[in-house]
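# Observations on chain architecture
Chain residues, written in single-letter form:
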Amino acid sequence: MMKKIVLVLFVGLLGLSLKAQDNAAKIEFKTETVDYGEIEKGSDGMRVFEFTNTGSAPLIISDVRSSCGCTIPKKPEDPIMPGKTGEIQVKYDTNRVGSIRKAITVTSNADTPTKILKIKGEVKAPSGTK
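An unreviewed UniProt entry lists the protein chain under the name DUF1573 domain-containing protein, with Maribacter litopenaei given as the organism.

So this is what it looks like as structure tokens:
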């Protein structure tokens, strides 16, 4: 008798968890890497990661962090409804000459709660300077 009760509870919980997964937000980025290419020192460092909520529940981005202080990400404040698009803005300090290799960590209520986005490229000194 006890085994039957445990089995029924297990099957019930499994069914609930499967139903909860069906009703989840899903974040799908157009690209997970933005390539700045070669840009000049002091040029516009703003770039955008576009995404779509392909799930069936509102997507809430709770946190967006950069791997260093030279990159400032900005997350959407409002929930992104199913089927709608949003963007995460990233501003890199282009006054730093050299290679760009940074990671941006996105935390949300999506079925994959943590996503790592990347920026890459190279900031060159203006022509005629060393």
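There is more to say, and it comes next.
Covalent bonding between the sulfur atoms of two cysteines is what defines a disulfide. Following the criterion strictly, the structure yields one disulfide and no others. Two residues, C68 and C70, share a disulfide whose sulfurs are 2.3 Å apart. Negative torsions about the S-S bond denote left-handed disulfides, and the value of about -60° found for C68 with C70 makes this one left-handed. Using a relative accessible area of 22% as the deciding quantity, one classes C68 as partly exposed. Overall, the relative accessible area of 4% leaves C70 in the buried class.

Attention now moves to the sheet that holds strand 2 (residues 33-40). What the four strands build is an open sheet, ordered 2-8-7-4; its pairing is mixed. The open sheet has two edge strands with one neighbour each: strand 2 and strand 4 (61-66). With direction set aside, neighbouring strand axes in the sheet form an average angle of 20°. By the bridge criterion, 10 bridges tie strand 7 (residues 98-108) to strand 8 (residues 114-124) in an arrangement that is antiparallel. Within strand 8, the residue paired with G98 across the bridge is V123.

Rules of the game
- The numbering scheme is per chain: residues are counted from 1 as the chain's sequence reads.
- Per-residue local features of the predicted model are confined to residues with pLDDT of at least 70, and side-chain atom pairs are confined, for both listing and counting, to 80 or more; whole-chain, interface and lining totals are unaffected and use all residues.
- The basis for the side-chain values is all heavy atoms of the structure; hydrogens and waters are excluded.
- Whenever a pair of cysteine sulfur atoms sits within 2.5 Å, that pair is classed as a disulfide.
- Exposure classes here rest on a 1.4 Å probe applied to the protein chains alone. A residue is buried below 20% of its type maximum, exposed above 50%, and partly exposed in between.
- Two strands make a pair as long as DSSP finds a minimum of two bridges between them.
- Only DSSP runs of H or I with at least four residues qualify as helices, and only runs of E with at least two residues qualify as strands; both kinds are numbered from the N terminus onward.
- Angles here are taken between N-to-C directions and fall from 0 to 180 degrees, while the axes themselves are lines fitted to C-alpha atoms, restricted in helices to the stretch in contact.

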